[in-house]
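Residue strings, one per chain:
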Amino acid sequence: EVTASHVKEMARYLGADLVGITRLDEDNAGHPFAVVCALRADYDPRKAPGIGGQVPVQNGLFVTFVLSAWIRELGYRASMTSLDGARLAVAGKLGTLDRTGKLVTAAYGTRVHVADVIRTDLPLTAA
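Residues numbered from 1 in each chain as written. Predicted model: local features only at pLDDT ≥ 70, side-chain atom pairs only at ≥ 80, totals over all residues. Heavy atoms only, no water.

### Observations regarding the layout of surface pockets
Turning to step 1, where the next piece is worked out: The computed volume of the largest pocket comes to approximately 370 Å³.
Turning to step 2, where the next piece is worked out: R46, K102, V112, H113 and V114 are, among the 21 residues lining the largest pocket, the residues nearest its centre.
Turning to step 3, where the next piece is worked out: Going through the elements one at a time, α2 (51–73), α3 (85–91) and β6 (112–114) are the ones with two or more residues in the lining of the largest pocket.
Turning to step 4, where the next piece is worked out: Class assignment for the residues of the lining of the largest pocket results in 10 nonpolar, six polar and five charged.
Turning to step 5, where the next piece is worked out: Estimated volume of the second largest pocket: approximately 190 Å³.
Turning to step 6, where the next piece is worked out: Lining the second largest pocket, in full, are T22, R23, L24, D25, E26, D27, L83, R87, L88 and A91.
Turning to step 7, where the next piece is worked out: Going through the elements one at a time, β1 (18–23) and α3 are the ones with two or more residues in the lining of the second largest pocket.
Turning to step 8, where the next piece is worked out: Per-element tally for the lining of the second largest pocket: the top contributor is α3, with three residues. (1 Å grid on protein atoms, 1.4 Å probe; cavity = no way out; pocket = protein on both sides within 12 Å on 5 of 7 lines; lining within 4 Å. Points joined across faces, edges and corners; volume = space filled by probe spheres on them. Helix = DSSP H or I, 4+ residues; strand = E, 2+ residues; numbered from the N terminus. Nonpolar A, V, L, I, M, F, W, Y, C, P; charged D, E, K, R; others polar.)

### Concerning the side chain of S68
Turning to step 1, where the next piece is worked out: Among the structural elements, S68 can be located in helix α2.
Turning to step 2, where the next piece is worked out: By relative accessible area, S68 is classed as buried at 2%.
Turning to step 3, where the next piece is worked out: Within the structure, S68 has its side chain in polar contact with the backbone oxygen of F65 (distance 3.0 Å).
Turning to step 4, where the next piece is worked out: Filtering out sequence-adjacent residues up to four positions away, S68 remains in contact with A78, M80 and I118. (Buried < 20%, exposed > 50% of the residue type's maximum accessible area, 1.4 Å probe, protein only. Polar contact = N/O pair within 3.5 Å; in protein donor to acceptor, adjacent residues only side chain to side chain. Contact = heavy atoms within 4.5 Å.)

Okay, here's the thing in structure tokens:
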């Protein structure tokens with residue numbers, strides 16, 4: 001639980017607005033956990049190709065890149081992947097899915113971007 005708390009604090013320090021951790025049951029590479037980071041997005045990045053829509057995407061890439069590097073510095077494996085981030089965010093208790101499959105959070109509604117998922121073998125507590 002302490003390690004999970006540190007991972008979440010680091011992700012928030014790097015710029016993530018919401019952070020969840022969940023177990024991966026179907027990972028053949030031996031990564032039992034997934035860290036999911038979400039960032040507030042004023043515009044849907046899929047519909048706004050300009051700078052306003054892409055800022056949360058770029059910030060999400062920064063957060064997951066640095067966080068996965070930090071986990072590797074601790075001596076564990078960590079890799080970014082484009083798994084179904086919205087589904088894993090729900091499993092990490094960040095929100096629910098609407099009828100279109102988009103993440104809906106209590107704090108930001110649908111104005112949220114789910115960054116790439118980090119798969120890791122760092123011992124964590126899912127929550």
